[in-house]
Amino acid sequence: MEIDIIIKATHLSKFFGKGISEVHAVNDVSLNIKRGEMVLVMGPSGSGKTTLLSMLGALLGATSGEVSIDGLDISTMNNKELAALRATRIGFVFQSFNLLEALTVEENILFPAQLNTGGIQAAKTRLDNLLDRLGLATRRNALPNTLSGGEKQRVAIGRALINQPDIILADEPTGNLDSHKGQEVMMILHDIARDDNCAVVMVTHDPRVEEIADRVLWLEDGSLRDRKSEKHSWVKDPVCGMRVDEWTATITTEYNKQRYVFCSKRCLERFNSNSEKYKKSEK
Amino acid sequence: MLYWSLKTLFSEPVRLIVSALAVSVSFLLVVFFSAVFEGESDKMVIYLEKMQADVWVMQKGVSNMHMASSMLWDWKADKIAKLPFVKEVSAILYFNGPVKIGGKDWFSYIIGIKPQYQRAGPWEISKGKRIPGVGEVVIPEVISQLSGVQIGDEITLVDRPLRVIGLSRDTFSMASSVVFVSHEDLGELVKGRDQYSYIMVYANPGISSQDLIKHIKNEVDKVNALSSEDFINSDRTLAMQMGAEIISMMTIIGTLLATLIVAFTAYSLINHKQQELAVAKALGFSDGKIYIASLFQSVVITAIGLVLSIVLAYTILSWLPTVIPQVNLVVRPHQFISIASIALPIAVFASFAAVRTVIKVDPMTVFKG
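Just so we're clear, the structure is a prediction, and the values are computed from it rather than from any experiment.

Draft legend 1. Structural detail: the overall build of chain A. Helix and strand counts for chain A come out as 8 helices and 14 strands. Relative to its full complement of 283 residues, chain A shows a buried share of 48%.

Structure (structure tokens):
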């Protein structure tokens, strides 16, 4: 139903550079995303996934085409209106967490609340609920540098949710997490879409998420395409043993003239710290 | 956002302390020059203050001691002494010029005193005699320390050798120290053996300075008479006018330095936190809000620098003269009021350095892993 559509992109394009050096990062993409839907944007590196996410998140203007958020055409908005839209309607979750180092867990989550109606005071009840829901109640006064990667990402999710947005845009939210923590974060985002009727758009390379997503958009050379099944090339992460799509994986290394593919940076770090062990266990 | 800027500032205490100290040093520089100038100005009128006269009488047309020359016939002192309402008079011959002590010229107020006017002599002696006779001189203790000249040594006043017989306290100034000689010696030098330069008049109890001045001007020809307060103010004003340009220059230099330091600190803080600014922008904070946060940091650094400069001024500047005796420093609250009044414009101006960075920060950088 049209009324459920929260994000509508029509013939959306973004070009960088000019002349022979012009790059079509996103080329004529049209899509609709409904409330409560969890949509994955996947594709090879450099296919324009983050550029598309930035345009859907009112962070980057389109070269042509339109983006509407809840029926509002954002291409006609000025910077101030776009900032207000981001503050109240969109929550962001980033690969590198992007927490504010001087602020505690509680303060980080409350940070965007000052831009919302009622300010921080009105957000305090929501804060307590979020801390409980994200399992951070005992860590509310901790500083980011004392948190694990999983905890940091949960704080970032809390920050994205504090203003009760209609949309969560997540860019590789599990990219810096090990497989277990990554799974945990995915399930939180899945629950947010289901329970909060929030549209979750996630850029990811992690094929495991496909199982919990409502839809997968395959972006290739800036355009949405049908992904054929043969595009999968499953291999095993030598560290954690998880299934990884070699075709789309970005975390790779070469050891003894052999290519290894990982589900996360953490697994790559572990591999680098004791390559012999993992090389042998792979065999 | 202001809370974030404050917490960010205090989350790096070393950076904050170094920045605030740098700001305080530049403020201190301004206070130091002002304190030196005030100290010197105070010393330039110290003789007038210590004499505690009610009225000073001088040649008509003269209203200062500093950089001035006054000549009065000696009988005028006797005549004033005999006037009703006058309790006592004291008179000096005065010359403003260099005295060679230890091979170096010391620009001085040279006071020629007669034995009967001992009140006009030094008010505190650290060593030796207080009143010089013919061929004798009392010099400031600080000059003795700096030049190595001791009691019994010779100094030269123009072409006249004089033997040091006493060391006085509280009479040294870099601009003009007070040196005491006999009226006879100075009289011969300035061809004024039967003259005085200034007559100090002490009134009977209950007589106002203004009544006394009126009376003196009526009874004695060709003199000017000023209350001690007016005379001191006149000399102090002259001293301040002479140093005003230097002080203004130093204040401008100190202010520019403080602005540069705060600007650099604000810029480096904002530069250092570019990724967090990008996050703030992505989350919906406007450039204006982020700039205000940066301005707030500048204000806080400047305020801490100001408080530190007050603390340092009262500790270091009070202690400095004990190590460097030739430095006369006077720290007064009004010096900080003027610094405080320029502190806010400094903070605002300095924060402009961060504006460009704030505008330039690309919220898209939040996607860089």
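There is more to say after this.
Draft legend 2. The overall build of chain B, seen in detail. Secondary structure summary: chain B contains 11 helices and 12 strands in total. A separation threshold of at least 6 residues defines the contact pool for chain B, and within that pool the share at least 24 residues apart is 81%.

Draft legend 3. Geometry of the pairing of strand E3 (residues 38-42) of chain A. Residues and elements named next belong to chain A. Most of E3 sits out of view: 4 of its 5 residues are buried. Direction of pairing for E3 relative to strand E8 (residues 199-203): parallel, over a ladder of 4 bridges. Each bridged residue has a counterpart across the sheet, and for Val 41 the counterpart in E8 is Val 203. For E3 and strand E9 (residues 215-220), the ladder comprises 4 bridges, and the chain directions are parallel. Within the sheet, the bridge partner assigned to Val 41 lies in E9 and is Leu 217.

Draft legend 4. Molecular detail of helix H10 (residues 287-323) of chain B. Taking 1.5 Å per residue as the helical rise, H10(B) with its 37 residues ought to reach 54 Å, and the 51 Å between its terminal C-alpha atoms agrees with that figure. Remark: the principal bend of H10(B), roughly 30°, maps to Ala313(B).

Draft legend 5. Molecular detail of the environment of Ile92(B). Residues and elements named next belong to chain B. Inspection of the secondary structure puts Ile 92 in strand E3 (residues 86-101). By the C-beta count within 10 Å, which is 26 here, Ile 92 ends up buried. It is 8.0 Å that separates the C-alpha atoms of Ile 92 and Tyr 117, two residues lying 25 residues apart in sequence. Sequence-distant contacts of Ile 92, defined by excluding residues within four places in its chain, comprise Ile 111, Gly 112, Ile 113, Ala 120, Tyr 196, Ser 197 and Tyr 198.

Draft legend 6. Highlighting the packing of helix H2 (residues 13-44) of chain B against H10(B). Residues and elements named next belong to chain B. With their axes 7 Å apart at the nearest point, H2 and H10 run at an angle of 50° to one another. Looking at the two axes, H2 sits oblique to H10. Where H2 crosses over H10, the handedness of that crossing is right-handed. Contacts between H2 and H10 involve Ser 19, Ala 20, Leu 21, Val 23, Ser 24, Phe 27, Leu 28, Val 31, Phe 32 and Ala 35 from the first element and Ile 301, Thr 302, Ile 304, Gly 305, Leu 306, Leu 308, Ser 309, Leu 312, Ala 313 and Leu 317 from the second. Here the contact of H2 with H10 is built from residues that sort into 15 nonpolar, 5 polar and no charged.

Draft legend 7. The arrangement of the sheet that holds strand E10 (residues 223-225) of chain A in detail. Residues and elements named next belong to chain A. Strand order across the open sheet formed by 6 strands is E6-E7-E8-E3-E9-E10, with mixed pairing between neighbours. Lying at the two open borders of the sheet, with one neighbouring strand each, are strand E6 (90-93) and E10. Looking at each pair of strands side by side, their axes are set apart by 25° on average, direction ignored. Note: E9 against E10, 3 bridges, orientation antiparallel. Of the residues in E10, the one forming a bridge with Leu 219 is Leu 224. Across the sheet, helix H6 (residues 179-196) lies against E3, strand E7 (167-171) and E8, angled at about 150° from E8, the strand it touches most.

Draft legend 8. Representation of the pairing of strand E4 (residues 104-113) of chain B. Residue and element names in this part refer to chain B. The buried fraction of E4 is high, at 7 of 10 residues. Following E3, the chain reverses through 2 residues before pairing antiparallel with E4; Gly 102 in that reversal takes a positive phi of roughly 60°. Direction of pairing for E4 relative to strand E9 (residues 177-182): parallel, over a ladder of 6 bridges. Pairing of Ile 113 across the sheet is with Ser 182, part of E9.

Draft legend 9. Layout of the nonpolar core. One finds Val41(A), Ile168(A), Leu189(A), Val200(A) and Val201(A) to be the most contacted residues of the largest nonpolar core, which totals 126 residues. At 12 residues, the largest contribution of residues to this core is made by H2(B). Among all residues touching Val200(A), those that are not within four sequence positions of it are Met38(A), Ile168(A), Ala170(A), Leu189(A), Ile192(A) and Ala193(A). With 62 residues, the next largest nonpolar core counts Ala91(B), Tyr109(B), Val138(B) and Ile216(B) among its residues.

Draft legend 10. View of the interface of chain A and chain B. Taken residue by residue, the interface counts 26 residues in chain A and 18 residues in chain B. Broken down by secondary-structure element, the contributors of at least two residues to the side of chain A that touches chain B are helix H1 (49-56) and helix H2 (79-89) of chain A. Examining the composition of the side of chain A that touches chain B, we find that 5 residues originate from one element, H2(A), more than from any other. When the residues that make up the side of chain A that touches chain B are grouped by side-chain class, the tally is 13 nonpolar, 8 polar and 5 charged.

Draft legend 11. Spotlight on the sheet that holds strand E5 (residues 72-73) of chain A. All names here are of chain A. Spatial ordering of the open sheet is given by E2-E1-E4-E5, a layout of 4 strands whose pairing is antiparallel. In this open sheet, the two strands that pair with only one neighbour each are strand E2 (23-34) and E5. Summarising the sheet, strand E1 (residues 5-16) and strand E4 (residues 64-69) pair through 5 bridges and their orientation is antiparallel. Residue pairing in the sheet places Ala 9 in a bridge with Val 67 of E4.

Basis of the calculations
Residues numbered from 1 in each chain as written. Chains lettered and ligands numbered in written order. Predicted model: local features only at pLDDT ≥ 70, side-chain atom pairs only at ≥ 80, totals over all residues. Helix = DSSP H or I, 4+ residues; strand = E, 2+ residues; numbered from the N terminus. Buried ≥ 20, exposed ≤ 12 C-beta atoms within 10 Å, placed from the backbone. Contact = placed C-beta atoms within 7 Å. Pairing = 2+ DSSP bridges. Expected span 1.5 Å × (residues − 1). Bend = angle between axes of the 7 residues up to and from the residue. Axes fitted to C-alpha atoms, helices over the stretch in contact; angles between N-to-C directions. Parallel < 35°, antiparallel > 145°, perpendicular 65-115°, else oblique. Left-handed = near helix turned anticlockwise from the far one by under 90°. Nonpolar A, V, L, I, M, F, W, Y, C, P; charged D, E, K, R; others polar. Core = buried A, V, L, I, M, F, W, Y, C linked by C-beta atoms within 7 Å.

By themselves these figures say nothing about function.
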